[in-house]
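Spelled out from the first residue to the last, the chains are:
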Amino acid sequence: MPSLSSPSLTLPKPNNKHLLPNKTKPSCLVQSILSLCSQGHLSQAVSSLDLLFRKGIRLPTKALALVVQHCGDTRSLRDGKWVHFYLRLTGFKRPPLLLANHLIGMYFKCGDEVNARKVFDKMLVRNLYSWNNMLSGYAKMKNLKEARSLFEKMTERDVVSWNTMVIGYAQSGDCDEALRFYRELRRSAFGLNEFSFAGVLTVCVKLKELGVVRQAHGQVLVAGFLSNVVLSSSLVDAYAKCGEMGDGRRLFDEMGVRDVLAWTTLVSGYAKWGDMRSAGELFDMMPEKNPVSWTSMISGYARNGLGHEALALFAKMMMFQVRPDQFTFSSCLCACASIASLKHGKQIHASLVRSHLRPNTIVLSSLIDMYSKCGNLGAARQVFKLLGDKQDTVLWNTMMSALAQHGHGIETLQMFEDMVGSGVKPVTTTFVVILNACSHSGLVLEGRRLFKSMTDDYGIVPNEEHYACLIDLLGRAGCFDELMNQLENMPCKAGDQVWNALLGVCRIHGNTELGRKVAEHLLELEPQSSAPYVLLSSIYAEEGRWELVEKVRRLMDERHVRKERAISWLEVGSRLHAFTVSDRLHPLKEEIYSVLKQLADQMEEDASLTNLEN
């Protein structure tokens, strides 16, 4: 293809009067170029324009528009610029309306808003499509400032213009402006169409406000668009985001036509709120499943502590030869981490390699996290070491968190220095990881310094989570005076995170008086959390106040609060064994407790010998 940098060396300047008029152009050449485009040989088709140019032939306007459209659809900016240059060479310095509109669309699809605007500004004649084309381009690139400026200059608007602004603001997260434009559109004389509601339903999903969702539902119903599968699915999604699965299910059941998106939306909603039984029943009823449907179920199992079920479903997905995506692998790795199964984690890692997918940041961080939580910190380090691009903060945070969980506080701090030295800027989460590392490794001085550095050197204002880490750090070190001083001078109101940190400190140091006050306060803040009930019950039991112990237990029963039992996993001979405290369900329980007794007796004997020697 001729070089864009020196076109004059390749293409001699033709005499435009010798260009064949449209009706005498050889149709076979035109058809040949269009065939190359449709077959995916765009660069070859664009290069053929050189031959036509030398022969004094210009493609018909509609054919040129199709070539430009192919450039946009394939995001081929270089080819698109060459076609634009060809237009100027063949006498179209100011392309006609049809071509100009296609050029604008092509440049925006290729992410070049500057050249799109240049084409628009040079147009002698513009129609409403030209203006809407620019609006849509700016909105998709989230340049709402330019879109708004252009919108206000429009002497003529239609429902498409308004819809573009509503959807643009909704997708960029400015829900207030999206709703304002939507309300103005409703008051206008243009009327509403399906796309008008698409914008407002995007707002509903983002806001998660039930009142707004129900208003939108009523308006879609009155307008007669409830039969639109996409709109109905969006409403189901909005209800699910608000936690109103009953309303979402009723709407789903009333839908005359349901596509795979509608089914997957409801399955995902049930999974999000932990109702895996309903999600599973619905999943089994699906007439058609796609990779997103499978991944929604796998992710739901993983998030809700059902790692074995997640991996079993992944195996079934592979059996049906459904191709997993990045999110599928990430969810499976999380499932392996949740059950500490290194064997399954390695298998998922091998499947990822065989899939030839280039793992994104989420998958890579899940891989590091899985190896860490399965006890193989060396493999986690190796994954991080082999990363080519380490410019993403998430990857550094995950690796530092892995080191911190394994008690390598000094190495975590060294990695933080390496991260900053490599030009990666720490974010809010980074300091949560670092402060936790300092807390669990007893690095009080370093923790204090980093807490101060967060604001002084990086301009990050500490939030409640940072203060909770600081409280934990100071409390574990026994610095109670400093701890109380930090509590009193916090710029934000202490929430459940800070109070839970303080509760942990009281548990470690046996501070029953403060522990009682903290636990009683947490019962009001987090009535469904078992931690304050357990601590309060223990405090009352130690004091012999059994009537209050019974009262706390009754309160737990009334509020349906259950203490999660800790589980330990042990992999023996490629089989995973799970244990809980005082477990009597394992088939080898007699042998296990016999060995435990022998170990306990041996430890007591060793302790007695040590005391005698001392």
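Before reading further, recall that the structure is shown in the block above.
Residues numbered from 1 in each chain as written. Predicted model: local features only at pLDDT ≥ 70, side-chain atom pairs only at ≥ 80, totals over all residues. Heavy atoms only, no water.

### Things to note about the packing of aromatic side chains
The full count for this structure, using the stated rule, is 18 aromatic pairs. Here phenylalanine 283 and tryptophan 294 contribute two aromatic rings whose centre-to-centre distance is 5.1 Å and whose plane-to-plane angle is 80°, an arrangement assigned as edge-to-face. One end of the pair, phenylalanine 283, is in helix H17 (residues 276-285); the other, tryptophan 294, is in helix H18 (residues 291-303), and 11 residues separate them in sequence. Relative to tyrosine 458, the ring of phenylalanine 431 has its centre 5.6 Å away and its plane inclined at 55°; by these criteria the two rings are tilted. Residue phenylalanine 431 is found in helix H26 (residues 428-441), and its partner tyrosine 458 is found in the loop between helix H27 (444-456) and helix H28 (464-476); the two are separated by 27 residues along the sequence. Given the relative accessible area of 0%, phenylalanine 431 is considered buried. Aromatic ring contacts, followed pair by pair, group Phe151, Trp162, Tyr169 and Phe181 into a single cluster. (Phe/Tyr/Trp six-rings, centres within 6.5 Å; stacked < 30°, edge-to-face > 60°. Helix = DSSP H or I, 4+ residues; strand = E, 2+ residues; numbered from the N terminus. Buried < 20%, exposed > 50% of the residue type's maximum accessible area, 1.4 Å probe, protein only.)

### A look at the pattern of salt bridges
Summed over the entire model, instances satisfying the criterion amount to 18 salt bridges. Measuring nitrogen to oxygen at the nearest pair gives 3.2 Å for the salt bridge that ties aspartate 253 to arginine 249. Remark: arginine 249 and aspartate 253 occur in helix H15 (residues 245-254); sequence separation between them is four residues, near one turn of the helix. Aspartate 472 serves as the salt-bridge partner of arginine 476, at 2.9 Å between the closest nitrogen and oxygen. Pair noted here: arginine 476 and aspartate 472 are both in helix H28, with a separation of four residues, about one helical turn. Overall, arginine 476 belongs to the partly exposed group, its relative accessible area being 36%. The network of salt bridges with shared partners includes Arg148, Glu152, Glu177, Arg180 and Glu184. (Salt bridge = Lys/Arg side-chain N within 4 Å of Asp/Glu carboxyl O.)

### Description of the environment of aspartate 176
Within the secondary structure, aspartate 176 is located in helix H11 (residues 175-187). Sequence separation between aspartate 176 and serine 47 is 129 residues; the distance between their C-alpha atoms is 48 Å.

### Examining a positive patch on the surface
On the surface, Lys81, Arg88, Arg94, Lys118 and Lys122 cluster together into a patch of positive charge. Within the fold, lysine 122 resides in helix H7 (residues 113-122). (Patch = residues over 30% accessible without salt bridge, like charges linked within 9 Å, V, L, I, M, F, W, Y side chains within 5 Å. Areas by Shrake-Rupley, 256 points an atom, 1.4 Å probe, with all protein chains shown as cover. Lys, Arg positive; Asp, Glu negative; His and termini not counted. Charge placed at Lys NZ, Arg CZ, Asp CG, Glu CD.)

### Here we look at a nonpolar patch on the surface
A surface patch of nonpolar side chains, amounting to about 270 Å² of accessible area, comprises Val595, Leu596 and Leu599. In this structure, leucine 599 sits in helix H34 (residues 589-613).

### Digging into the side chain of asparagine 143
Structurally, asparagine 143 can be placed in the loop between helix H8 (128-140) and helix H9 (144-153). Take asparagine 143: its relative accessible area is 18%, and that puts it in the buried class. Within the structure, the side chain of asparagine 143 is placed 2.8 Å from the side chain of glutamate 113, a separation counted as a polar contact. Excluding residues within four positions of it along the chain, asparagine 143 makes contact with Glu113 and Tyr138. (Polar contact = N/O pair within 3.5 Å; in protein donor to acceptor, adjacent residues only side chain to side chain. Contact = heavy atoms within 4.5 Å.)

### Quick word on the nonpolar core
Counting residues in each nonpolar core, the largest one holds 180 residues, and the members touching the most others are Leu49, Leu59 and Met399. Beyond its immediate chain neighbours, meaning those up to four positions away, methionine 399 contacts Ile368, Leu377, Ala380, Arg381, Phe384 and Met415. (Core = buried A, V, L, I, M, F, W, Y, C linked by side-chain atoms within 4.5 Å.)

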